Amino acid sequence: MSLDNRTWFQKGLKDGIPIALGYFAVSFTLGITAKNAGLTALQAMLASFTLNASAGEFAGFTLIAAGAGYLEIAIMEFVANARYLLMSCALSQKLSPDTPLWQRLLIGYDVTDENFGISISVPGRLNPYYTFGAIAIAVPGWSVGTYLGVLMGNILPANVVSALSVGLYGMFIAIIIPPARKSKIVAGVVAVSMAASFAFANLPVISGIRTIILTVAISALAAILFPIKEDDEHAA
């Protein structure tokens, strides 16, 4: 690993610490859901290690508890996690064209909301080792938290479990606030996105599909109204 890559890896590792702590807290409640679905601690940990998606795992464990078939679970997982396709497309534009395939695949393994948030905020081109550093600490936090949630989750008081379950949302807000404060355009897009999500909350459309529709529509409108030249974006 070159010196530059090592520096970026260490920076990603540092920036990923709050994400790992948030994952550890939230995955406790996920472990409880997994236990209620009949999974062992090891099975739940492996599920978190290979998937690392809160909404997708909660949906999957709920369907397992209900005795759903493989096809039904596969379709639900696709819908619940389809937004990561959009995030992956956005991250691919941040990478240098000569980025090796294995590095792209490794980043794609853990494109979560939070890892995406800090990676897309990196000025200029994204060094893959920055995201590798964040992944290196975020995935263990999520997996170990799920494991301990199965073993110890039911011991915690109900109010503590409830508080842990919303901790991830607060952390994600903390990720989007800094760029929103620096750019009025970003702040406006965030505000419009939140308002649109609230307005369309009661539409008879599956949540995952609704999120994708709003994401594509709002981002396309923002790109048309406030275009950014690629040379300017990757300057510095």
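In short, a report on the structure. All values reported here derive from a predicted model rather than from experimental measurement.

Criteria and thresholds
Residues numbered from 1 in each chain as written. Predicted model: local features only at pLDDT ≥ 70, side-chain atom pairs only at ≥ 80, totals over all residues. Heavy atoms only, no water. Axes fitted to C-alpha atoms, helices over the stretch in contact; angles between N-to-C directions. Helix = DSSP H or I, 4+ residues; strand = E, 2+ residues; numbered from the N terminus. Parallel < 35°, antiparallel > 145°, perpendicular 65-115°, else oblique. Left-handed = near helix turned anticlockwise from the far one by under 90°. Contact = heavy atoms within 4.5 Å. Nonpolar A, V, L, I, M, F, W, Y, C, P; charged D, E, K, R; others polar. Buried < 20%, exposed > 50% of the residue type's maximum accessible area, 1.4 Å probe, protein only. Core = buried A, V, L, I, M, F, W, Y, C linked by side-chain atoms within 4.5 Å. Salt bridge = Lys/Arg side-chain N within 4 Å of Asp/Glu carboxyl O. Phe/Tyr/Trp six-rings, centres within 6.5 Å; stacked < 30°, edge-to-face > 60°.

Before going further, it helps to spend a moment on the packing of helix 5 (residues 83–92) against helix 7 (residues 113–120). Here helix 5 crosses helix 7 at 20°, and the two axes come no closer than 11 Å. Judged by the angle between their axes, helix 5 and helix 7 are roughly parallel. The interaxial crossing formed by helix 5 with helix 7 has left-handed handedness. Where helix 5 abuts helix 7, its residues Arg 83, Tyr 84, Met 87, Ala 90 and Leu 91 lie against Asp 113, Phe 116, Ser 119 and Ile 120. Tallied by class, the residues present in the contact of helix 5 with helix 7 amount to 6 nonpolar, 1 polar and 2 charged.

Bringing the side chain of Asn 5 into the picture now. By secondary structure assignment, the location of Asn 5 is in helix 1 (residues 3–36). Given the relative accessible area of 18%, Asn 5 is considered buried. If near-sequence neighbours (up to four positions away) are discounted, Asn 5 is found in contact with Asn 127 and Tyr 129.

The next subject is unusual backbone geometry. In the Ramachandran plot, Asn 52 falls in the positive-phi region, its phi being about 50° despite a non-glycine side chain. You can call Asn 52 buried: its relative accessible area is 4%.

It is worth spelling out the environment of Thr 62 at this point. Looking at the element boundaries, Thr 62 is found in helix 3 (residues 54–65). Taking C-alpha positions, Thr 62 is 6.7 Å from Ala 37, a pair spaced 25 residues apart along the chain.

This next bit is on the nonpolar core. Taken as a class, soluble globular proteins show a tendency for nonpolar side chains to be buried jointly. Membership of the largest hydrophobic core comes to 28 residues, with the highest contact counts inside it found for Ala 34, Phe 61, Leu 91, Ile 107, Val 111 and Leu 126. Broken down by secondary-structure element, the contributors of at least two residues to this core are helix 1, helix 2 (41–51), helix 5, helix 7 and helix 8 (128–152). Of the residues forming this core, the biggest block, 7 residues, is contributed by helix 8.

Under the defined criterion, the tally for this structure stands at 2 salt bridges. Note that Asp 15 is salt-bridged to Lys 11, the shortest N-O span being 3.8 Å. Placement of the pair is Asp 15 and Lys 11 together in helix 1, with a separation of 4 residues, close to one helical turn. We classify Asp 15 as partly exposed; its relative accessible area is 24%. Residue classification places Lys 11 among the partly exposed residues on the basis of a relative accessible area of 41%. Ionic pairing is found between Asp 113 and Arg 83, a salt bridge with its closest N-O pair at 3.3 Å.

Below, the discussion takes up the packing of aromatic side chains. If you walk through the whole model with that rule in mind, you get 6 aromatic pairs. Arranged with centres 5.9 Å apart and planes meeting at 90°, the rings of Trp 8 and Tyr 130 form a pair that is edge-to-face. Of this pair, Trp 8 sits in helix 1 while Tyr 130 sits in helix 8, placing them 122 residues apart in sequence. Taking relative accessible area as the criterion, Trp 8 reaches 24% and is therefore assigned partly exposed. Aromatic pair Phe 24 and Phe 28: ring centres 5.4 Å apart, planes at 75°, arrangement edge-to-face. Note that Phe 24 and Phe 28 are positioned in helix 1 at a spacing of 4 residues, about one turn of the helix. Of the residues examined, Phe 24 reaches a relative accessible area of 31% and is grouped as partly exposed.

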